[in-house]
Amino acid sequence: MKIAVIGTGYVGLVTGTCLAETGNNVICVDIVEEKVNKMKAGQLPIYEPGLDVLFHRNIAQGRLSFTTNLAEGIEDAQIIFMALPTPPGGDGAADLSYILGAAKDISKLITEYKVIVNKSTVPVGTADKVAAVFKEHTNIEVDVVSNPEFLREGVAVDDFMKPDRVVIGTGSEKAKKLMGELYAPYVRQGNPIYYMDERSSELTKYAANSFLATKITFMNEVANLCEIVGADVDAVRKGIGSDDRIGKRFLFPGIGYGGSCFPKDVQALEKAAVEHKYDFKILKAVMDVNEKQKTVLTDKVLKYYKGDVKGKKFALWGLAFKPETDDIREAPALYIINDLLAGGAEVTVFDPEAMGNVRALLGDKIGYAKDQYEALEGADALLIATEWSVFRNPDFEKMEEVLKNKVVFDGRNLFDLQKMIDLGYYYNSIGRKIVS
Ligand SMILES: NC(=O)c1ccc[n+]([C@@H]2O[C@H](COP(=O)([O-])OP(=O)(O)OC[C@H]3O[C@@H](n4cnc5c(N)ncnc54)[C@H](O)[C@@H]3O)[C@@H](O)[C@H]2O)c1
Ligand SMILES: O=c1ccn([C@@H]2O[C@H](COP(=O)(O)OP(=O)(O)O[C@H]3O[C@H](CO)[C@@H](O)[C@H](O)[C@H]3O)[C@@H](O)[C@H]2O)c(=O)[nH]1
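Residues numbered from 1 in each chain as written. Chains lettered and ligands numbered in written order. Predicted model: local features only at pLDDT ≥ 70, side-chain atom pairs only at ≥ 80, totals over all residues.

1. Thoughts on the site of ligand 2
Taken together, 20 residues form the shell around ligand 2, and within it Glu-153, Phe-252, Tyr-257, Gly-259 and Cys-261 come nearest. Among the elements that take part in the shell around ligand 2, helix H9 (residues 198-229) stands out by supplying 3 residues, more than any other. Considered class by class, the residues forming the shell around ligand 2 number 11 nonpolar, 5 polar and 4 charged. Each of two domains, domain 1 (2-196) and domain 2 (205-293), supplies a minimum of three residues to the shell around ligand 2. (Near = placed C-beta within 6 Å. Helix = DSSP H or I, 4+ residues; strand = E, 2+ residues; numbered from the N terminus. Nonpolar A, V, L, I, M, F, W, Y, C, P; charged D, E, K, R; others polar. Domains from an automatic or database assignment.)

In structure tokens:
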């Protein structure tokens, strides 16, 4: 099939590349000229494991190309995907200006039937709004489909190629048939395609993200209680996760959920509920708890140093909001850096992929180390904000040589408590005993 993808961010570029991989001809359109030139030159603008091989192969075989010219991008496309930002507006509700703006631009260019697919995360009723934009600007028939994306950064290619499920919201038989054919290669193992109406499809995405954010938040509260009552959250997590009804995944406590999706989507769903005069109490509690959870690690640091970190030197491992990505949107590490700098401390950071993005944001306010051990040089303590695999089993002898004090504040529970006792560390993690 001939496909256009509008927007080449984490979702658009993965979608475009993975659709090309099954034999479709895909043109990706973006308004950022620098980004498009980079991709035309064969360079990936983001770090996403496994994407490079598919990206280069499909470009080389002529199935994947890039343009800033919308007219050129959509001219031959049977299906046009929109993978555009839906950031929080001033009031926290999703800002639909990118989607509705692109819909207007597309509506003025089309000359034949198209399926317009919204892949962005949007409030209920957006498909109707997009359809209304087309109706206003063209007489050409279109079908507007809601097809939310559930990929996770860091494993986005796998998630797209073998999705747990595909959700397609449409009332059109024609669109349903085309979408079903397009997705057939991705569900060969038997994972379902759920066809539903547009509104249910749009709400499915918000409900999924909000449920997952609630699950994490629940565990963060359990972890906080564990610290008070002297229980171990890792034991509790295993104890409840082995019950199939609860499940093992997304039960890891930490320093609050971050990233470009959960914070904005929980907020947007709560705002959407308010607009419909529904008080979605649990989401308000989730947001409230998550705000507080972002400061648990710095609270521990401040308590240890009796409220005064002025002149202290901290090493911080991990900047990305989660491992295997360079994405720092709503990354808990940024809040930690902010709090430590505000207290007059010095911070030196290391992250395997996200250093460039942080440098662009914070410049020389902090130090950047070439590896995780350099970050420790002369540091009063180590803080851990992201669970990159390379941090899980470090060279403790090397650490000892460079760290000024054997003090670790771990926001991701990477190390075994007994090991830290044996090595003589003060070790403060989340929902577990403090050992020293
Ligand atoms: N990042 C994720 O893991 C993820 C997963 C599922 C769903 N989503 C949702 O998908 C949507 C996109 O998210 P993202 O993370 O890919 O965003 P992103 O910010 O990484 O990418 C958006 C891209 O759209 C481009 N763009 C903006 N206006 C444009 C226009 N008029 N024409 C062409 N290109 C334009 C931007 O330059 C950028 O490259 C959001 O609604 C998000 O909530 C994201
Ligand atoms: O047990 C856990 C799991 C995750 N997190 C945190 O939750 C956030 C989000 O993690 P994750 O869901 O893995 O990353 P995203 O790439 O943001 O993916 C989410 O958001 C996407 C955008 O909507 C959806 O497509 C995905 O299905 C959904 O998992 C991160 O800060 C994680 O550190 C925890 O604290 N504990």
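So much for the structure itself; the text now carries on.
2. Section: the domain arrangement of the chain
For the chain, the assigned domains read domain 1 (2-196), domain 2 (205-293) and domain 3 (296-428). Taking only C-alpha atoms, the centre of domain 1 and the centre of domain 3 are 38 Å apart. Contacts between the two partners involve 6 residues from domain 1 and, on the opposite side, 7 residues from domain 3. Partitioning the side of domain 1 that touches domain 3 into residue classes produces 4 nonpolar, 1 polar and 1 charged. (Contact = placed C-beta atoms within 7 Å.)

3. A short note on the pairing of strand E2 (residues 25-29)
With respect to burial, E2 is a largely interior element, 4 of its 5 residues being buried. Both strand E1 (residues 2-6) and E2 contribute to a ladder of 5 bridges, which runs parallel. Looking at the pairing, Ile-6 lines up with Val-29 of E2. Traced from E1 through helix H1 (residues 10-21) to E2, the parallel crossover comes out right-handed. (Buried ≥ 20, exposed ≤ 12 C-beta atoms within 10 Å, placed from the backbone. Pairing = 2+ DSSP bridges. Right-handed = clockwise from strand over helix to strand, strands pointing away.)

4. Notes on H9
The end-to-end C-alpha distance of H9 is 47 Å, a good match for the 46 Å that 32 residues give at a rise of 1.5 Å each. Trailing H9 by a residue or two, Gly-230 shows a phi angle of about 80°, which is positive. (Expected span 1.5 Å × (residues − 1).)

5. Overview of the sheet that holds strand E11 (residues 367-368)
Strand pairing in a sheet relies on backbone hydrogen bonds. The paired strands run either parallel or antiparallel. Pairing in this open sheet of 6 strands is parallel, and the strands run E11-E10-E9-E12-E13-E14 from one edge to the other. Across the chains shown, the open sheet's two edge strands, defined by having one partner strand only, are E11 and strand E14 (426-428). Strand direction decides the pairing type here: strand E13 (residues 407-410) and E14, joined by 3 bridges, are parallel. Bridge pairing in E14 places Val-407 opposite Tyr-426. Relative to strand E9 (residues 313-317), helix H14 (residues 332-342) is tilted by about 175°, and along the sheet it contacts E9, strand E10 (346-350) and strand E12 (381-384). (Axes fitted to C-alpha atoms, helices over the stretch in contact; angles between N-to-C directions.)

6. A short note on the UniProt feature "domain: UDP-glucose/GDP-mannose dehydrogenase C-terminal" (unreviewed entry) in the chain
Sites flagged by UniProt as "domain: UDP-glucose/GDP-mannose dehydrogenase C-terminal" (unreviewed entry) map to residues 315-417. This span, residues 315-417, is 26% helix and 17% strand, and a straight line between its end C-alpha atoms measures 20 Å. (UniProt positions renumbered as here; feature names shortened; annotations may be inferred.)

7. Things to note about the confidence of the model for the chain
Averaged over every residue, the pLDDT of the chain is 97; the share at 70 or more is 100%. Interface scoring of the predicted complex returns ipTM 0.98; its pTM is 0.96. (pLDDT = per-residue confidence, 0-100.)

8. Things to note about the nonpolar core
Core analysis: the biggest nonpolar cluster contains 115 residues, and Ala-4, Ile-6, Ile-80, Phe-81, Leu-316, Leu-382 and Leu-383 have the highest contact counts within it. Once residues lying within four places of it in the same chain are set aside, the contact partners of Ile-80 are Ala-4, Ile-6, Ile-74, Ile-106, Lys-114, Ile-116 and Val-117. (Core = buried A, V, L, I, M, F, W, Y, C linked by C-beta atoms within 7 Å.)

9. Remarks on the UniProt feature "binding site: NAD(+)" (unreviewed entry) in the chain
Under the local residue numbering, the UniProt record ascribes the feature "binding site: NAD(+)" (unreviewed entry) to Asp-30, Lys-35, Thr-86, Thr-121, Glu-153, Lys-264 and Arg-329. These annotated residues cover 300 residues of sequence, and their C-alpha atoms reach 24.5 Å apart at the extreme, placing them across more than a single site. Examined against the element boundaries, Asp-30 turns out to sit in the loop between E2 and helix H2 (33-40). In this structure Asp-30 touches Gly-7, Thr-8, Lys-35, Val-36 and Thr-68, once residues within four positions along its chain are discounted. Among the residues examined, Glu-153 registers 25 C-beta atoms within 10 Å and is labelled buried. Ignoring anything within four residues of it in the chain, the contact list for Glu-153 reads Tyr-10, Glu-48, Lys-322, Thr-325 and Asp-327.

10. Description of unusual backbone geometry
Positive phi, normally seen in glycine, also occurs at Lys-277, with a value near 60°. Residue Lys-306 is not a glycine yet carries a positive backbone phi of 50°. Its location among the elements puts Lys-306 in the loop between helix H13 (296-304) and E9.

11. Let's talk about the packing of helix H11 (residues 262-275) against helix H12 (residues 281-293)
In contact at an axis separation of 9 Å, H11 and H12 are set at 145° when each is read in the N-to-C sense. Judged by the twist between their axes, the crossing of H11 over H12 is left-handed. Contacts from Val-266, Gln-267, Leu-269 and Glu-270 of H11 reach H12 at Leu-283, Lys-284, Val-286 and Met-287. Classifying every residue of the contact of H11 with H12 gives 5 nonpolar, 1 polar and 2 charged. (Left-handed = near helix turned anticlockwise from the far one by under 90°.)

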